[in-house]
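Fold and geometry: a report
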Amino acid sequence: MSDGHQGARLDPSPDQLLESFLAELSRTTAPNTQRAYRTTIRAFQAWYMKRTDHPTLQQYFDDHPTWTAGTCMGAALRLQKFLSFARIYPVDTRLDRILRGRTSSVRLGLPPSIIERVFDHIPERQARDALLYRLLYFGCLRVGEVTALRVEDVDIRSPSLCCIRVFTQSRIRKGEDQLRIDDPALIERLRDYQNARDTPGELFFQASKSDKSRPLRQQNLHRRWQAYASKAGVSCSLEDVRVSGLLRLAQDSGDLRLLHFRAGYKKLETTRRLVTLANHLGLKHRGVESPAPVPRVPPSAP
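1. Looking at the overall build of the protein chain
A count of helical and extended segments in the protein chain gives 13 helices and three strands. Residue burial in the protein chain is summarised as follows: out of 302 residues, 42% are buried. Sequence separation of at least 24 residues holds for 64% of the intrachain contacts in the protein chain that already meet a minimum separation of 6.

Here is the structure:
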């Protein structure tokens, strides 16, 4: 290391330090994650060794202005963990400065007023669309999870509580999860729609009245949503709807366990990254802390 880094000499060497860190990391992470850490840290070490001043982590990202906010966030979280392990790099690791000015390169959902504007442009006669898209938003469900629902999966227990069984391969665990809906207006829509479809085994959302076994095509749902969004003068995809729902939930609940369950990510770190990135990009929802351990399912419904 150059003489300019007084008091920050690497002993052990950078390679030895990296290998020690990765050995610790290998106990809890997959090989592809370890490779991502190795690539990020090696790039940072090469940059750091060329400096003759006392650089901040912000300067490292300032030297890479084309990186998106998502790229910066992933690299910053990996470097924070490494720097905490190393304890010898005198760098500033404040993420708010690192991510400032990079908001245009990442989609983090839209304000509720924008989503509601699109809902207002769905004609009342399109009851199926009005309900389905609201489930995507308020339930934070994926399109495939909604189209796979069957009549018996929707259990309306009271005007203020509805439990929906969701079968999926992509949530926290394979098999069945239970989603709780407590929005009275949405429950009322579910009740009205369910009254016309009371045959167990039938799809809850059907492609046509003549063929009740044929599921809706996801491409058509995306196309119909884009048409409604266009009428509302909004640029918004169905993925934006789901992410907006997740961020709304983060604002309202501040419960990382609930957010992790509803998001359906396999790793809690992914949920933390969503909340952290949103916080540092200026979205004003309350900070959430991670209780340990994080359960795979939320508390049972009464």
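2. Here's the deal with the packing of helix H6 (residues 112–120) against helix H10 (residues 218–232)
When two helices pack together, their arrangement is captured by the angle between the axes and the distance separating the axes. Relative to each other, H6 and H10 sit at 105°, their axes nearing to 8 Å. Between H6 and H10, the angle falls in the class roughly perpendicular. Where H6 approaches H10, its residues Arg-117, Val-118 and Phe-119 are matched on the opposing element by Trp-225, Tyr-228, Ala-229 and Ala-232. Residues belonging to the contact of H6 with H10 are distributed by class as follows: six nonpolar, no polar and one charged.

3. Some points on unusual backbone geometry
Most peptide bonds take the trans form, and the phi angle of most residues other than glycine is negative. Within the chain, Cys-140 stands out as a residue other than glycine whose phi angle is a positive 55°. Position of Cys-140 among the secondary structure elements: in the loop between helix H7 (127–138) and helix H8 (143–147). Note on Cys-140: relative accessible area 0%, which makes it buried.

4. Here we look at H7
Over its 12 residues, H7 extends 16 Å from the first C-alpha to the last, a length consistent with the 16 Å expected when each residue adds 1.5 Å. Counting buried positions along H7 gives 11 out of 12 residues, so the element sits mostly inside the fold. Inspection of H7 places Arg-128, Asp-129, Ala-130, Leu-131, Leu-132, Tyr-133, Arg-134, Leu-135, Leu-136, Tyr-137 and Phe-138 among the buried residues, and these make up the whole buried set. Cys-140 lies just past H7 and shows a positive phi near 55°.

5. Looking at the environment of Ala-263
Structurally, Ala-263 can be placed in helix H12 (residues 256–263). Counting along the chain gives 124 residues from Ala-263 to Gly-139, while the straight-line C-alpha distance between them is 9.5 Å. When sequence neighbours within four positions are dropped, the list of residues in contact with Ala-263 reads Arg-142, Arg-242 and Leu-246.

6. Some thoughts on the packing of aromatic side chains
The geometry of two aromatic rings is summed up by the distance between their centres and the angle between their planes. For the coordinates displayed, the defined rule picks out 16 aromatic pairs. Judged by centre distance (5.3 Å) and plane angle (70°), the rings of Tyr-60 and Phe-61 are edge-to-face. Classification of Phe-61 by relative accessible area gives buried; the value is 0%. Here the aromatic rings of Phe-119 and Trp-225 are separated by 6.0 Å at their centres, their planes lie at 70°, and the arrangement is edge-to-face. Note that Phe-119 is positioned in helix H6 and Trp-225 in helix H10, a separation of 106 residues in sequence.

7. A few points about the pattern of salt bridges
The full count for this structure, using the stated rule, is 10 salt bridges. Its salt-bridge partner being Glu-145, residue Arg-142 comes within 3.5 Å of it at the nearest N-O pair. With a relative accessible area of 23%, Arg-142 lands in the partly exposed category. Among the salt bridges present, the one from Asp-153 reaches Arg-165, with a minimum N-O distance of 3.1 Å. With Asp-153 in the loop between H8 and strand S1 (154–158) and Arg-165 in strand S2 (residues 161–168), the pair connects residues that are 12 residues apart, well separated along the chain.

8. Considering the nonpolar core
For soluble globular proteins, nonpolar side chains are generally found buried alongside one another. In this structure, Tyr-133, Ile-164, Leu-190, Phe-205 and Trp-225 are the most contacted members of the largest nonpolar core, which totals 40 residues. At eight residues, the largest contribution of residues to this core is made by H7. Judged by nonpolar contacts, the second largest core, of 20 residues, contains Leu-22, Leu-25, Tyr-37 and Ala-76.

9. Here we look at the environment of Glu-116
The residue Glu-116 is located in helix H6 in this model. Considering only alpha carbons, one finds Glu-116 and Ala-232, 116 residues apart in sequence, at a separation of 9.7 Å.

10. Some points on the packing of H7 against helix H9 (residues 184–195)
For the pair H7 and H9, interaxial distance at closest approach is 10 Å and the crossing angle is 140°. In terms of their interaxial angle, H7 and H9 are classed as oblique. Crossing of H7 against H9: the hand is left-handed. Taken together, the residues of H9 that come into contact with H7 (itself represented by Ala-127, Arg-128, Ala-130, Leu-131, Arg-134, Leu-135 and Phe-138) are Leu-186, Arg-189, Leu-190 and Tyr-193. Looking at side-chain class alone, the contact of H7 with H9 contains eight nonpolar, no polar and three charged residues.

Rules used throughout
- Residues numbered from 1 in each chain as written.
- Predicted model: local features only at pLDDT ≥ 70, side-chain atom pairs only at ≥ 80, totals over all residues.
- Heavy atoms only, no water.
- Helix = DSSP H or I, 4+ residues; strand = E, 2+ residues; numbered from the N terminus.
- Buried < 20%, exposed > 50% of the residue type's maximum accessible area, 1.4 Å probe, protein only.
- Contact = heavy atoms within 4.5 Å.
- Axes fitted to C-alpha atoms, helices over the stretch in contact; angles between N-to-C directions.
- Parallel < 35°, antiparallel > 145°, perpendicular 65-115°, else oblique.
- Nonpolar A, V, L, I, M, F, W, Y, C, P; charged D, E, K, R; others polar.
- Expected span 1.5 Å × (residues − 1).
- Phe/Tyr/Trp six-rings, centres within 6.5 Å; stacked < 30°, edge-to-face > 60°.
- Salt bridge = Lys/Arg side-chain N within 4 Å of Asp/Glu carboxyl O.
- Core = buried A, V, L, I, M, F, W, Y, C linked by side-chain atoms within 4.5 Å.
- Left-handed = near helix turned anticlockwise from the far one by under 90°.

Geometry only, nothing functional implied.
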